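The lines below spell out each chain.
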Amino acid sequence: MGGKTSYYLQKFSIFIVLIVLFIGCSIISPYFLQSSNLVNVTRQLCVGILVAYGEMILIISGFLDLSVGSVLALAGVLSVATYKSTGSMIAALVVALAVAVICNLVNALFVANFNVPAFIATLGMQQVARGLVLYYTGGQNILQLGGFVEIGQGSIGPVPIPVLLIVLVTIVIWYLVNNTRYGRGLYAIGGSRSAAEASGINSKKSIYRSYIVNGLLIGLAGMIFMARNNAGLPNGAVGLEMTGLTAAIVGGTSFTGGIGTVSGTIAGAFIIGFLENVMNLLGVNAYIQQVIEGAIIVLAVAFDVVSKSKKSQKVILVKEKTEEKA
Amino acid sequence: MGDVKMRISGVEKSFPGVKALSNIEFSVRKGTVHALCGENGAGKSTLMKIIMGLYKADKGQIYIDDQPVDIRNPIQAREYGISMIAQELNYVPELSVEENLFLGRLPVNRFGKIDWKKVRRETIRFLEEEKLPYEPTQKLKTLTVSDIQMLEIIKAVTNNAQIVIMDEPTSSITEREVKQLFAKIAELKAKGVAIVYISHKMDEVFQIADDITVLRDGTVVSTDRAQDLDLDTVIAKMVGRKLSNVYPKEEVPIGEKVIEVEDFSQDGLFEDVNFYARKGEIVGFAGLVGAGRTEVMRTVFGLDPHKTGTVKIHGKPVEIKSAGDGIKNRLVMLSESRRDDGIVPVRSIQENASLASLRQYIYGGYTHKAKEKKEVKEMFEKMNVKAPSMDTEISKLSGGNQQKVLLARWMLCDPEIMILDEPTRGIDVGAKYEIYKLITDIVKENKSVIMVSSELPELIGMCDRIYIMCQGRIAGCITKEEFSQETIMRYATGVADRA
């Protein structure tokens, strides 16, 4: 009985943290629970969640992407420029997705075919993409986006468009991770790439697919990001990969690979979002906020590692008990 | 010889809810080899961890030279002259021989500077003494496994160890290297060192042990002089029941050829390899480590490329370039290395089992979870996998149970041909027997099994035909009437060659 309770505590610990934080925030700040504030938090989180999904998929299979911020800026700016010259949202979307996917195909090429560590390959892309977008714009922001801003600022009825997009994307990603062979392959490759390959899983194909999915997410996030800022910002989204990584990791995605869930990642993103929001509401210094966020990442991982080693001991004991009975 | 070096007295250890060891009592004599036998989970490793100071015993006392000692960590254990050669060798592949040899105890002068001259001098002396043809500066990853093991032993002895614990020291070395190891052990014995020897290989235990203690379920079943015991008695004590027959081989009618491998070659690994397997047949592959058996099998299964040659299944040439291609052709392979190419450690036993047959459970855009769970569960029941639940992480199971999960993985693919590379490596006697039973059941279903093994008794006991490889070539193929360890070794060492 006690064992079962602690098992569920363990399994849902991230959501318990989220709920406690939610209650805590609403007590600390009277503004927190106002619907306008909550809608605002969610709106702000949209870009971060999209990016976090990409990182989550990559981390589960043992890779990562450090080029998110730059690629997002490149895709977003080119998308904005396309919209300004054609007036077509479809064309803007196609350009955003295509640019981000192409950058990620290059990442995948180096990671899968040349066995360059993902850390290095995407670190290079971070420079390349940022360089390209600055070169293209000459470092100048593109202003007055007109109808483009709808994708970031508009609403359908009471629901903000980006929130709607997040719901759709979440369903797709959840489905991909849980209901496809590709999804199962991610966990297996992250857990042990050689074992996965020896079981007939094509890891190269999986790497390409993961970076393509990551690219699609970043392309979409790029449009929302620029729209929310009502500008094409070639210097924007610096370090955004860290936001994504933080959400994924706080949400229980294991950096050693093979572990991670969509629900955990959303929870992770909201934990960060609520924290930022309540600190803003309380007027906490922005620099101090950064200090706190940094600490949270390390603490979350430390907690995860410690609780996992405790859990494993317990399982062994259960096993020994069953063997005794047998 | 004869004086008690170490005495374990009334040692008990409980983990919350489970008693791992109760009232452990035995003595290890100076200048003798004391074998510790028991199935996985019998408490051997817990006991060794207590001796090494990694766990603290709840009760009981360890005496060394009749003095009660309190060992709190491995450094103290070293100070008491206890040294352990672990099953998984501990070394840093990227460091040199000398650096590894002196790891953690590099001599320093009074300014804290490492005395490399001394290190070099001592290393050269040790290498010469042991006749190991290596340079002190050579990286350890360039040495053979058995030589690395020899270095570990040297390391233990240079620590001036009085008690050396060896945990499965022969699990990854060849028979000839085993001889070298045994010679070394004899040398240590002559110097009066007490050796605690843990092994699943009964023939070895009987070769070198002076005393045998059998552990079962955390208690000492008995301690006897080795000469008063025989193999069957020890096994019966270990498992608590008599195994009717060590090799449950059954005669199965043998049908037509299912797989033919022709003219297989790969530069530097193997050449002109030809073999076949028939329905209902267990075909063995013997040979020394490095003879190319695993390399051939990996290539046949599509994990590695080959230069020339064809694989025919039911007489038709097939293209196998990846494990996926192999599985499509109903050819599967249980890897030699369970940890590297087998288990996915952080995932559940269910996911590990269904990994190679996902196509059967994920189709039509949907995961048929109930079907997956049901089929995996049935397979686990058939294989007698012992685990708390389907969600248990595979790395939490014993080696034997992990191996059964991996066998289940391949059985779920419904293969016609199964390549089993060292299927019983590192698992205990009881589980071995169960795996032999499973292999027998597999061929009774008219499938073919190709079994690569370094344990000759196992090949002789289970196979219908044995190919013997030597230096990348098939040196010979023998049928049942010719089976004997001597014949196989003659081919394996290149003395005889029929190919």
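What counts, and where the lines are drawn
Here, residues in each chain are numbered from 1, in the same order as that chain's written sequence. To read the labels, note that chains go from A and ligands from 1, taken in the order they are written. The predicted origin of the model limits local features to residues at a pLDDT of at least 70 and limits the giving and counting of side-chain atom pairs to 80 or more, whereas totals for whole chains, interfaces and linings rest on all residues. Side-chain numbers come from the whole structure's heavy atoms, not from hydrogens or water. By definition, any uninterrupted DSSP run of H or I lasting at least four residues is a helix, any uninterrupted run of E lasting at least two residues is a strand, and each is numbered from the N terminus. Within these notes, the globule rule equals 2.2 Å times the number of residues to the 0.38 power, and the radius of gyration is based on C-alpha atoms. Burial status follows relative accessibility: with a 1.4 Å probe on protein chains alone, a residue under 20% of its type maximum counts as buried, one over 50% as exposed, and anything between as partly exposed. Contacts between residues were defined by any pair of non-hydrogen atoms, one from each residue, lying within 4.5 Å. Calculation of accessible area relied on Shrake-Rupley with a 1.4 Å probe; when residues are assessed, cover is drawn exclusively from the protein chains displayed. All tallies of charge rest on Lys and Arg as positive and Asp and Glu as negative; His and the ends of each chain are not included. The atoms used to mark charge sites are NZ of Lys, CZ of Arg, CG of Asp and CD of Glu. Nonpolar cores are built from buried Ala, Val, Leu, Ile, Met, Phe, Trp, Tyr and Cys residues. Side-chain atoms within 4.5 Å join them into one set. The rule for pairing is simple: two strands pair if DSSP sees at least two bridges between them. Salt bridge, as used here, is a side-chain nitrogen of Lys or Arg placed within 4 Å of a carboxyl oxygen of Asp or Glu. Angular values range over 0 to 180 degrees, each being the angle between N-to-C directions of two axes fitted as lines to C-alpha atoms, with helices fitted over their stretch in contact. Orientation is classified from the angle alone, with under 35 degrees giving roughly parallel, over 145 giving roughly antiparallel, 65 to 115 giving roughly perpendicular, and any other angle giving oblique. Note: crossing handedness is left-handed where the near helix turns anticlockwise from the far helix by less than a right angle, and right-handed where it turns clockwise. Three classes are used, and their members are as follows: Ala, Val, Leu, Ile, Met, Phe, Trp, Tyr, Cys and Pro are nonpolar, Asp, Glu, Lys and Arg are charged, and the others, Gly among them, are polar. Patch members must show over 30% relative accessible area and no salt bridge, and they are joined within 9 Å when carrying like charges or within 5 Å when they are nonpolar side chains of Val, Leu, Ile, Met, Phe, Trp or Tyr. Helix span, expected: 1.5 Å multiplied by one less than the number of residues in the helix. Two N or O atoms form a polar contact when they lie within 3.5 Å of each other; inside protein one atom must be a possible hydrogen donor and the other a possible acceptor, and for residues adjacent in sequence the pair counts only when both atoms belong to side chains. Handedness of a crossover: with both strands directed away from the viewer, a clockwise path from the first strand across the helix to the second marks it as right-handed. Summary of the metric used: pLDDT quantifies the predictor's per-residue confidence within the range 0 to 100.

Draft legend 1. Spatial organisation of the overall build of chain A. On a plain count of helices and strands, chain A comes out with 14 helices and four strands. Its C-alpha atoms give chain A a radius of gyration of 21 Å, within 12% of the compact-globule value 20 Å for 326 residues. In terms of overall dimensions, chain A has C-alpha extents of about 75 × 55 × 35 Å along its principal axes. Taking all 326 residues of chain A together, 50% fall into the buried category. Taking as baseline every contact in chain A between residues at least 6 positions apart, the subset at least 24 positions apart corresponds to 78%. Summing over all exposed atoms, chain A offers an accessible surface of approximately 14,700 Å²; the carbon and sulfur share of this is 68%. The averaged location of the 11 negative side-chain charges in chain A is 6 Å from the averaged location of its 19 positive side-chain charges.

Draft legend 2. Quick look at the overall build of chain B. What chain B contains, in helices and strands, is 17 helices and 22 strands. Here the C-alpha atoms of chain B give a radius of gyration of 24 Å, agreeing with the 23 Å that 2.2 N^0.38 yields for 499 residues. Each principal axis of the C-alpha atoms in chain B carries an extent, and together these give about 70 × 50 × 50 Å. Long-range pairs, those at least 24 residues apart, make up 66% of the contacts in chain B between residues at least 6 apart in sequence. Accessible surface, chain B: about 21,700 Å² in total, of which carbon and sulfur atoms supply 48%.

Draft legend 3. Quick peek at the nonpolar core. Judged by nonpolar contacts, the single largest core of 100 residues is most densely connected at Leu72, Phe148 and Ile173 of chain A. If you tally residues by element for this core, the top one is helix 3 (residues 35-60) of chain A, at 14 residues. Residue contacts for Leu72 of chain A: discarding those within four places in its chain leaves Val47, Val51, Ile218, Ala221, Gly222, Phe225, Met226, Ala237 and Leu240 of chain A. In this structure, Phe270, Leu420, Met451 and Ile468 of chain B belong to the second largest nonpolar core, which totals 82 residues.

Draft legend 4. Molecular detail of the side chain of Arg184 of chain A. Examined against the element boundaries, Arg184 of chain A turns out to sit in helix 9 (residues 181-191). Non-local contacts of Arg184 of chain A, meaning those with residues more than four positions away in its chain, are made with Val177 of chain A together with Glu351, Ser354, Leu358, Ile362, Thr367 and Glu372 of chain B.

Draft legend 5. Region of the structure containing the environment of Asp65 of chain A. Residue and element names in this part refer to chain A. Here Asp65 is to be found in the loop between helix 3 and helix 4 (68-86). Note on Asp65: relative accessible area 0%, which makes it buried. Spatially, the C-alpha atom of Asp65 lies 23 Å from that of Ala227, the residues being 162 residues apart in sequence. Those residues in contact with Asp65 that lie beyond four places of it in its chain are Glu55, Leu58, Asn104, Asn107, Thr122, Tyr211, Asn214, Ile218 and Glu241.

Draft legend 6. Layout of the pairing of strand 8 (residues 194-198) of chain B. All names here are of chain B. The buried count for strand 8 comes to five of five residues, which makes it a mostly enclosed element. Taking every second residue as pointing to the same face, both faces of strand 8 are buried, with Ala194, Val196 and Ile198 on one and Ile195 and Tyr197 on the other. Two elements, strand 3 (residues 33-37) and strand 8, share four bridges in a ladder whose sense is parallel. For Ala35, the partnering residue across the bridge sits in strand 8 and is Tyr197. Here strand 7 (residues 163-167) runs beside strand 8; their pairing, made up of five bridges, is parallel.

Draft legend 7. View of the pattern of salt bridges. All names here are of chain B. For the structure shown, the criterion picks out 37 salt bridges over all chains. With a shortest N-O distance of 3.1 Å, Lys189 and Asp210 are connected by a salt bridge. In this pair, Lys189 is assigned in helix 6 (residues 175-190) and Asp210 in the loop between helix 7 (202-208) and strand 9 (211-216), connecting sequence segments 21 residues apart. Note on Lys189: relative accessible area 23%, which makes it partly exposed. Of the residues examined, Asp210 reaches a relative accessible area of 15% and is grouped as buried. The closest approach of N and O atoms between Glu336 and Arg425, which form a salt bridge, is 3.7 Å. Taken together, the residues span a long stretch of sequence, with Glu336 in the loop between strand 16 (331-334) and helix 11 (338-342) and Arg425 in the loop between strand 19 (417-421) and helix 15 (429-444) at a distance of 89 residues. It is possible to trace a salt-bridge network through shared partners that takes in Arg330, Lys382, Asp414, Glu445 and Lys447.

Draft legend 8. Expanded view of the packing of helix 3 of chain A against helix 8 (residues 161-179) of chain A. All names here are of chain A. Contact pair helix 3 / helix 8: the axes reach a minimum separation of 9 Å and the direction vectors enclose 20°. By the criterion of interaxial angle, the relationship of helix 3 to helix 8 is roughly parallel. Crossing handedness for the pair helix 3 and helix 8: left-handed. Residue-level inspection shows Thr42, Arg43, Cys46, Ile49, Leu50, Tyr53, Met56 and Ile57 of helix 3 in contact with helix 8, the latter providing Pro162, Val163, Ile166, Val169, Thr170, Ile173 and Val177. Here the residues of the contact of helix 3 with helix 8 are counted per class, giving 12 nonpolar, two polar and one charged.

Draft legend 9. Examining the sheet that holds strand 12 (residues 270-278) of chain B more closely. Residue and element names in this part refer to chain B. Spatially, 12-11-14-15 is the arrangement adopted by the four strands of the open sheet, whose pairing is antiparallel. The open sheet terminates on both sides in strands that have one partner only, identified here as strand 12 and strand 15 (316-318). Neighbour-to-neighbour, the strand axes of the sheet open up by a mean angle of 25°, direction not taken into account. With six bridges connecting them, strand 11 (residues 257-266) and strand 12 associate as antiparallel partners. Looking at the pairing, Gln266 lines up with Phe270 of strand 12. The strands that helix 9 (residues 293-300) touches are strand 11, strand 12 and strand 14 (308-313); relative to strand 12, the one it contacts most, it runs at about 65°.

Draft legend 10. Representation of a nonpolar patch on the surface in the model. Taken together, the side chains of Ile102, Val106, Leu109, Phe110 and Phe114 of chain A define a hydrophobic patch exposed on the protein surface, amounting to about 440 Å² of accessible area. Counting through the fold element by element, Leu109 of chain A comes out in helix 5 (residues 89-113).

Draft legend 11. Focus on helix 5 of chain A. Residues and elements named next belong to chain A. Here helix 5 is 25 residues long and its end C-alpha atoms lie 35 Å apart, about the 36 Å a rise of 1.5 Å per residue gives. Taken as a whole, helix 5 has its buried residues at Ala92, Ala96, Val99, Ala100, Val101, Cys103, Asn104, Asn107, Ala108, Val111 and Ala112. Buried-residue contacts for helix 5 involve helix 4, helix 6 (118-137) and helix 11 (203-229). Residue Ser88 occupies the N-cap position of helix 5, its side-chain oxygen lying 3.3 Å from the main-chain nitrogen of Ile90. Looking one or two residues past helix 5, Asn115 carries a phi angle of roughly 55°, positive in sign.

Draft legend 12. Geometry of the pairing of strand 19 of chain B. All names here are of chain B. For strand 19, the tally of buried residues reaches five of five residues, placing the bulk of the element in the interior. Alternating residues of strand 19 divide into Ile417, Ile419 and Asp421 and Met418 and Leu420, and every residue in both groups is buried. When strand 16 meets strand 19, the two strands line up parallel, connected through four bridges. Bridged to Leu334 within strand 19 is Leu420. Two elements, strand 19 and strand 20 (residues 448-452), share five bridges in a ladder whose sense is parallel. Counterpart to Asp421 in the pairing with strand 20 is Val452. In this view, the connection linking strand 19 to its parallel neighbour strand 20 by way of helix 15 has right-handed handedness.

Draft legend 13. Region of the structure containing the confidence of the model for chain A. Residue-level pLDDT values for chain A average 89, and 90% of them are 70 or greater. Confidence drops under pLDDT 50 across residues 312-326 of chain A; counting only partners more than four residues distant or on other chains, this segment forms 23 contacts.

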